[in-house]
Amino acid sequence: MSDETNGVASYMQQAKEQALKNVEHIAEDVAAGTMPEGKLFDIARSISDKRLEELTVDTTTCGYCAVGCRFDVYSDGNEVLATRPANPEKTPVNGISTCVKGKFSYGFVNANDRLTKPLVRNENGEFRTASWDEAYERVVEGFEDITDNYGGEALSVIASSKATNEENYLMGKFARQVLGTNTVDNCNRLCHSSTVTGLAKTFGYGAASVSIEDLETTDCYLITGSNTTEAHPVIGTRIKQNVRDGSDLIVFDPREVPIAEYATQYTQVNPGYDAVWINGLIRHIIENDLHDEAFIEERATGFEDMKEAVQEFTPERVEEITGAPAAEIKAAAETIATADTCVFGWALGITEHSHGTENVTALANLAAITGNVGKRGAGVSPFRGQNNVQGGGGDMGPLPDNLPGYQKIENDDVRETFEDAWNCDISADRGYYTTEMFHAADAGELRGMYCIGENPALSEPGKGHGETVLENIDFLVVQDLFLNETAKYADVVLPACSFLEKEGTFTNTDRTVQKVNPVIESRGDSKPDWVILQDLANRLGREWDYENTAEIMEEIRQLTPIYGGITQERVEREGGIQWPCFNLDHPGTQRLYTEAFNTEDGNAHLKPIGYSEPMETPDDTYPLTLTTGRVLYQYHTGTMTHRDEGIMTYNSQNFVEINPETAANYDIADGDPVCIESRRGEITVPAQVTDRVGTDTVFVPMHFAENAVNELTDAERLDPEAKTPEFKVSAVCIRPVESSAEESHKTNIEPASGDD
Ligand SMILES: Nc1nc2c(c(=O)[nH]1)N[C@H]1C(S)=C(S)[C@@H](COP(=O)(O)OP(=O)(O)OC[C@H]3O[C@@H](n4cnc5c(=O)[nH]c(N)nc54)[C@H](O)[C@@H]3O)O[C@H]1N2
Ligand SMILES: Nc1nc2c(c(=O)[nH]1)N[C@H]1C(S)=C(S)[C@@H](COP(=O)(O)OP(=O)(O)OC[C@H]3O[C@@H](n4cnc5c(=O)[nH]c(N)nc54)[C@H](O)[C@@H]3O)O[C@H]1N2
Ligand code: SF4
Ligand SMILES: [Mo]
């Protein structure tokens, strides 16, 4: 074995020992306790098979979630052989930590079915491989056909939050300049768009105000609707360490997710009533004079109206509606209001609702009235989702209503700036949001779609509806690593490079822009997204001549004030820069709102939030509430993680979490197949009987194409402002598969007693 191989093996051994002592975090637990040992030593062995001089080591940023871990990747140019902690100066967010996905989940890179050549349909409607030339010609014909007959506005682009900032900037530019449409959106719509709308109108920026440092040092956390240890593992670790050192952790969640096990207070709530209990906390704080009067006086407007709106939410009423005991409402309110500093952390349990914007606004109200914004250890911390949804999905402006840097499309000066820079007309009317695109296509208003690095056939609500639309749309181009479920409906499929094969930047959940570097060669004939976009733009009559992604970042910098000081060279040199960074001498902004909020008058705008409930509530026929989400080992629609053998050893099939009492009532045992039915459809999956969920709630993950949970969710129920779907609430009934639907409805009305 070479020294290098010994080094890797010994690192793996250290990780294992460390985890066995149970002092680090879940990722190490996984590395030691649950990853197949063979896998670890495969890596060591595969390195020993190589000659040391054939190996390369590069630092890059993880392409899974928005924590933004950086690490060194060892490769032979072809395969990812191992990842190891990088020089801490280059890893401002994660230090030496990573989770199981960043560490191991690279089986997808060289999967046999990785797309390596473009595909087009033959005369029989089947895919055949094609040259890039032919594929580009087909795309040009398809887009031009629609533009000629219906105008550019009949075309749409779904941009990819997996891709880099530079690529997403070009996706927005391509939609507006090349196709002539404002209908360009991305997965933020299914995710945190209600965070963006809620925070933009209260504090100004649709982003976390805090830094990782605040998350490590605060005296108190309110974490709600975030399965932090599974979805943002490295942040979960930081929180657990700080709690171990004495800070308070309050968790409100319908499921007792792993972070709740570390909580100083865990309160189980019914899904869909968050604004109610948050208002309850606010009321109790004001009632007991625990609010920060000086902060409100100096830095906020709207306090009186907001105070008036929360009056109805007495602890007793909150208990009745949400299931959270009145005493726990009071206790949480008092802990938060008396802590020196508090961080409010949330994710999709707050946002994926028909009133997600109201939930977020209520949280912003709570943060402001307790004076917990704009100081060290305090602030709002939405944990963003995809690796680059903050940057690529938001900051870069592939959005129907915003140009880069959240500059509003309806603002004449903004449009003029971009019309001059891009030499095109831009309509002042916003385009369709992703969730609206599918309805617009249904109505014949959208005729073509260019879907880049997203899998809406599985990830959009109401799977059946989404698939029908994709099947019927006149022209669909899919640009991806794989022939995913969406690509199956495409007219042309273009093979893209993954983050491991290209250069650019990602922006993580605390606004840190970090460098992405190619660590292996591109697969087959695949190309980076920015190269494909440039080739197509030029074939469609534009003159793009970017030689590299640094040049694209330079254009972004000129047009986007919050990125005004960001260059790739600076990002690489400084390890990471947090926006806003207004010019080349600006150091970046670790913490937002220290002096003023980003509103016209510089104040936080408190908003009155009244009663809200889900658009679909349980009834006799559908008596349970289904909530959906994630597990640690899997990622989204599985395109990447399902191709990793090690990952699949641990979690390879769908399941439904059912409370033991509920399971007993329906005569369901652990592992039994259970049919779950909603007004949209039904799926059958094995039961996982667990008291993690309450008796009226069931949970199914979103990661599996077979028996996909989005058969059950609804494309119609959307947040009125953000248009986020109500993924976290659907009324369902369940039955063991043997019984018929009719019997089950009977059972649901009068569940069999558990004592039988
Ligand atoms: N392993 C893994 N990590 C990921 C991803 C992945 O697919 N796999 N995806 C990434 C992406 S894009 C995103 S957006 C994030 C998502 O990160 P999370 O939002 O943490 O992930 P979810 O599993 O959707 O978890 C939602 C949480 O909300 C709770 N919840 C459900 N309904 C309600 C409710 O009505 N109210 C409240 N208060 N809570 C509720 C659930 O019990 C769960 O704890 O994860 C990112 N990280
Ligand atoms: N029921 C339910 N549904 C949900 C959710 C939920 O909680 N419950 N969550 C929603 C949320 S928050 C999200 S973010 C969405 C996620 O939904 P999607 O974004 O549709 O899911 P992914 O599986 O991440 O799809 C990303 C695609 O990009 C490809 N890809 C990866 N890297 C690149 C690249 O560099 N370039 C290109 N061109 N392609 C690339 C992958 O192969 C994959 O096909 O799902 C949403 N759907
Ligand atoms: S926590 Fe997120 S960014 Fe870090 S290694 Fe895991 S998936 Fe990657
Ligand atoms: Mo997401």
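Residues numbered from 1 in each chain as written. Chains lettered and ligands numbered in written order. Predicted model: local features only at pLDDT ≥ 70, side-chain atom pairs only at ≥ 80, totals over all residues. Heavy atoms only, no water.

1. Focus on the domain arrangement of the protein
Here comes step 1: Split by domain assignment, the protein resolves into domain 1 (3–104), domain 2 (119–188 + 388–502 + 512–560), domain 3 (193–382) and domain 4 (624–744).
Here comes step 2: Contacts between domain 1 and domain 2 engage 18 residues on the former and 13 residues on the latter.
Here comes step 3: Carbon and sulfur atoms supply 52% of the area that domain 1 and domain 2 bury against each other, a total of about 1,200 Å² over both sides.
Here comes step 4: Our count for the contact surface shared by domain 1 and domain 2 stands at zero salt bridges.
Here comes step 5: Inspection of the region where domain 1 meets domain 2 yields ten residue pairs in polar contact (both at pLDDT 80 or more).
Here comes step 6: When contributions to the side of domain 1 that touches domain 2 are tallied by element, the ones reaching two or more residues are β1 (56–61) and β2 (70–75).
Here comes step 7: Of all the elements, β1 adds the most residues to the side of domain 1 that touches domain 2, at five residues.
Here comes step 8: Partitioned by chemical class, the residues of the side of domain 1 that touches domain 2 number six nonpolar, nine polar and three charged. (Domains from an automatic or database assignment. Contact = heavy atoms within 4.5 Å. Buried area = accessible area lost by both parts, 1.4 Å probe. Salt bridge = Lys/Arg side-chain N within 4 Å of Asp/Glu carboxyl O. Polar contact = N/O pair within 3.5 Å; in protein donor to acceptor, adjacent residues only side chain to side chain. Helix = DSSP H or I, 4+ residues; strand = E, 2+ residues; numbered from the N terminus. Nonpolar A, V, L, I, M, F, W, Y, C, P; charged D, E, K, R; others polar.)

2. Some words on the pattern of salt bridges
Here comes step 1: On inspection of all chains with the given rule, the structure shows 42 salt bridges.
Here comes step 2: When the shortest N-O distance is used, the salt bridge between D185 and R189 registers 2.7 Å. R189 matches D185 in its accessibility class, with the two residues each being buried.
Here comes step 3: Connected through salt bridges with shared partners, the residues E616, D619, R679, R680, D714, R717 and E726 form a single ionic network. (Buried < 20%, exposed > 50% of the residue type's maximum accessible area, 1.4 Å probe, protein only.)

3. Details of the site of ligand 3
Here comes step 1: Neighbouring ligand 3 are the residues C62, Y64, C65, V67, G68, C69, T98, C99, K101, G102, P233 and V234.
Here comes step 2: Put simply, the parts of the chain that give the shell around ligand 3 at least two residues each are α4 (100–104) and α10 (233–244).
Here comes step 3: Residue classes in the shell around ligand 3 are distributed as eight nonpolar, three polar and one charged. (Near = heavy atom within 4 Å.)

4. Here's the deal with the UniProt feature "domain: 4Fe-4S Mo/W bis-MGD-type" (unreviewed entry) in the protein
Here comes step 1: In the numbering adopted here, UniProt assigns the feature "domain: 4Fe-4S Mo/W bis-MGD-type" (unreviewed entry) to residues 55–113.
Here comes step 2: Taken end to end, residues 55–113 is 8% helix and 29% strand, and its two terminal C-alpha atoms sit 25 Å from one another. (UniProt positions renumbered as here; feature names shortened; annotations may be inferred.)

5. Looking at the site of ligand 1
Here comes step 1: Near ligand 1 you find 34 residues, and of these A231, D253, D274, R630 and Q634 are the closest.
Here comes step 2: At 3.0 Å from a nitrogen atom of ligand 1 is found a main-chain nitrogen or oxygen belonging to G349.
Here comes step 3: The backbone of Q634 places a nitrogen or oxygen atom 2.6 Å from a nitrogen atom of ligand 1.
Here comes step 4: Protein contact buries 99% of the 910 Å² of open area that ligand 1 shows by itself. (Areas by Shrake-Rupley, 256 points an atom, 1.4 Å probe, with all protein chains shown as cover.)

6. Side note on the sheet that holds β1
Strands in a sheet are paired, the pairing made by backbone hydrogen bonds, and the direction either parallel or antiparallel.
Here comes step 1: Pairing within the open sheet is antiparallel, and its three strands lie in the order β1-β2-β3. Each edge of the open sheet carries a strand with a single partner, namely β1 and β3 (80–84). Going across the sheet, the axis of each strand differs from the next one's by a mean of 30°, ignoring polarity.
Here comes step 2: Of the pairings in the sheet, the one linking β2 to β3 comprises four bridges and is antiparallel in character. Counted as the bridge partner of Y74 is A82 from β3. (Pairing = 2+ DSSP bridges. Axes fitted to C-alpha atoms, helices over the stretch in contact; angles between N-to-C directions.)

7. Considering the environment of G575
Here comes step 1: Along the chain, G575 turns up in the loop between α25 (568–574) and β21 (577–578).
Here comes step 2: Those residues within four positions of G575 in sequence are excluded, and the remaining contacts are R70, E89, K90, P92, Q514 and R570.

8. Brief notes about the packing of aromatic side chains
Here comes step 1: As enumerated under the stated definition, the model contains 18 aromatic pairs in all.
Here comes step 2: Ring centres of Y205 and Y593 lie 6.3 Å apart, and the angle between their planes is 25°; on these two criteria the pair is classed as stacked. In this pair, Y205 sits in the loop between α7 (193–202) and α8 (212–217) while Y593 sits in the loop between β21 and β22 (604–605), placing the two residues 388 residues apart along the sequence. Across the pair, Y593 and Y205 agree in class, each one buried.
Here comes step 3: Seen from their ring centres, Y406 and W579 are 6.3 Å apart, and the 40° between their planes marks the pair as tilted. Of this pair, Y406 sits in the loop between β14 (402–403) and β15 (407–408) while W579 sits in the loop between β21 and β22, and the two are 173 residues apart along the sequence. Residues Y406 and W579 agree in their burial class; the two are buried. (Phe/Tyr/Trp six-rings, centres within 6.5 Å; stacked < 30°, edge-to-face > 60°.)

9. As for the pairing of β3
Here comes step 1: Burial analysis of β3 places four of its five residues in the buried class, which makes it a mostly covered element.
Here comes step 2: Counted between consecutive antiparallel strands, the loop separating β2 from β3 contains four residues, among which G77 sits at a positive phi close to 90°.

10. Comments concerning the packing of α7 against helix α17 (residues 356–369)
In a pair of packed helices, the angle between the axes and the distance between the axes together describe the arrangement.
Here comes step 1: At a closest axis distance of 8 Å, the pairing of α7 and α17 adopts a crossing angle of 45°. Considering the angle they form, α7 stands oblique to α17. The hand of the α7/α17 crossing is right-handed. Contacts between α7 and α17 involve S194, T195, T197, G198, L199, K201 and T202 from the first element and G356, T357, V360, T361 and A364 from the second.
Here comes step 2: Looking at side-chain class alone, the contact of α7 with α17 contains three nonpolar, eight polar and one charged residues. (Parallel < 35°, antiparallel > 145°, perpendicular 65-115°, else oblique. Left-handed = near helix turned anticlockwise from the far one by under 90°.)

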